[in-house]
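# Notes for the structure review
Below are the chains, spelled out letter by letter.
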Amino acid sequence: MNGADTFTAALRAHDVEWVSTLCGHGLNEVYAACERTGLRIVDTRNEQTASYMAECWGRLSGKVGVCAVSSGVAHANALSGIANAYFDGAPMLLVTGSGPLSTAGKGHFQDFDQVALVQSVCKYARTIDVAERIPEIVHEAMATAVSGRPGPVHLTFPTDMQEQMVADSTPPSPQPDKARPILPSDDAVRQAARLLARSERPLMITGSGVFYASAGKAVADFAAAYAVPFAIPIWDRGCVAQPLPEYLGVVGAASGGPRLLEDADLILLLGAAADYRVSYMQAPAIDVQTQVIRVDVDPDRLHHMGRATLSVLADPAMFLQRLIDVCAKEQIEGFEDWLHETQRRKEEFSAAIRTSGHGGLDALQLCAALDEALPEDAVVVIDGGNIGQWVHQTLGRARYPESWLTCGASGVVGYGIAGAMAARAGFPQRPVVVISGDGSATFNLTDLERAVRQQLPFVMIVADDEAWGITVSGHRQHYGKAMSSELGPVDFAAAAEAFGAIGARVESCEELIPAVRRGVAESRPVVIHVRIPGGMPGEQGAHSEALT
């Protein structure tokens, strides 16, 4: 067997079932080895799509998504997915072909230091330089991608390393055992319980680290046991599979939110970054007297921005489970009055949103129809800045399950088709629905053809206001006019048909609901074009003061 065979066998040993890719220089032997070892290849028309597929699968499943691309500029194009995985903490492996190791630095075709280009946004990056060590190197990369706070890793795979014959007697390194959770110290849990006992208005902020720690049940149990309200930073991974009275929706949306962080006297920041979405945990947005408990598996993130009364290096699930036990022993009472107040604020804010439309078909009416149309078991991919905000402010205030895939902490747009292809490849029996803005939809629209050809069906709803919605709102508000933020008309239904998908147009919410239901039963991708003449809430100053 050659190095490429060893490589693909090692991927299979690490539970990899498919690789997203765009063909090109330096990948031929890898493809041949995938064929020999039964590793599925899902090909795309753009390295961006391939890399987004891998990072989306990492964010959906918690497993390592793998993409393979050609050398040179192809490698640079694939950095879109790597960067998103870096921001969001998603496990993925980027494999990049290259010319022979023996001529590296001499000026062979597309010769440059690919490892150096990705090192700042990867947990692990290296060139495979010894064919006999391929199983070991793959093991190191895959284990690093899922350890601690997950993240992207990279391997440059030269053609001579792929072709070199190696002994087949050495089995591939086994899939790494899931790392044992980091347990909180007893003293840290007791300190947290004392802080909670002295609190009157506690608030949990549960970030993507909760999802990767499978801590959703622990959050729900703790919140219910002590009537502690909680929210999720917008774009982070969700953990709320069904409506919970303690769940308040998202914080940090550009479209506003109820007053929560400002009035809490204790904030439990669980697996979440102290970034712009929580006002950096700094005054004046967070009162200087507010106590802050931070829990994370990443020591760097744990101490970022420095604001903490108590920092706990621990798995969020284990921390909450132990905190429940200690609070029970200490007979700490719940916070029902504060919970009821936060629920009142949530409902008041939601009511203001519901009355902020323009009268014509707009994003709020679209979201209301989707609330009825979306299948309960659907994987929902939300792609777009403005439409994404409003999906979170409406549908996302009732539930925010793990099966919803958003842009992540980076705020990227244009990944929706890739996310849908990844979801369908990984969950072939589940319906997949993309909710996209018109700007986002055009990034990788040509990959509809690849989804058709490779039998990866999904429903894509395009909310079309002919603008980069968030940007045009800001331009009109601050400058009195749009500047490079308006878009022209695109017939998305016709474009879908051109790529072999099914195109549909709807003029009302009443038409949208049956169109979505029909679409999830189709064997080809379905693109539903929804013109929004009413635009997005807020574009014409329709917000109430609470929403700005």
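Above: the structure in question.
Residues numbered from 1 in each chain as written. Predicted model: local features only at pLDDT ≥ 70, side-chain atom pairs only at ≥ 80, totals over all residues. Heavy atoms only, no water.

## Re helix α2 (residues 28-37)
Every buried residue of α2 is listed here: V30, Y31, A33 and C34. For α2, the angular spread of the buried residues around the axis is 165 degrees, confining them to a single face. Turned more than 90 degrees away from the buried face of α2, the exposed residues are N28 and E35. On the buried face of α2, the contacting elements are α1 (3-13), β1 (18-21), β2 (40-43), β6 (152-158) and α8 (159-163). A positive phi of about 75 degrees marks G38, the residue just after α2. (Buried < 20%, exposed > 50% of the residue type's maximum accessible area, 1.4 Å probe, protein only. Helix = DSSP H or I, 4+ residues; strand = E, 2+ residues; numbered from the N terminus. Arc of directions from axis to C-beta. Contact = heavy atoms within 4.5 Å.)

## With respect to the pattern of salt bridges
Following the criterion strictly, the structure yields 25 salt bridges and no others. Among the salt bridges present, the one from E341 reaches R344, with a minimum N-O distance of 2.8 Å. Taken together, the residues E341 and R344, both in helix α14 (residues 336-354) and three residues apart, mark about one turn of the helix. Note on R344: relative accessible area 42%, which makes it partly exposed. (Salt bridge = Lys/Arg side-chain N within 4 Å of Asp/Glu carboxyl O.)

## A closer look at the state of the cysteines
One pass over the full model with this rule turns up zero disulfides. In this structure C67 is not part of a disulfide, and its nearest cysteine sulfur, from C122, lies 10 Å away. (Disulfide = S-S within 2.5 Å.)

## Brief notes about the sheet that holds strand β9 (residues 247-251)
Taken together, the six strands give an open sheet; going across it, the order is β9-β8-β7-β10-β11-β12, and neighbouring strands pair in parallel fashion. Both edges of this open sheet fall to β9 and β12 (310-313), since each of them pairs with a single strand only. Across the sheet, the axes of successive neighbouring strands diverge by a mean angle of 20 degrees, strand direction being ignored. With two bridges connecting them, strand β7 (residues 202-206) and strand β8 (residues 230-233) associate as parallel partners. If you follow M204 over to β8, its bridge partner there is F230. (Pairing = 2+ DSSP bridges. Axes fitted to C-alpha atoms, helices over the stretch in contact; angles between N-to-C directions.)

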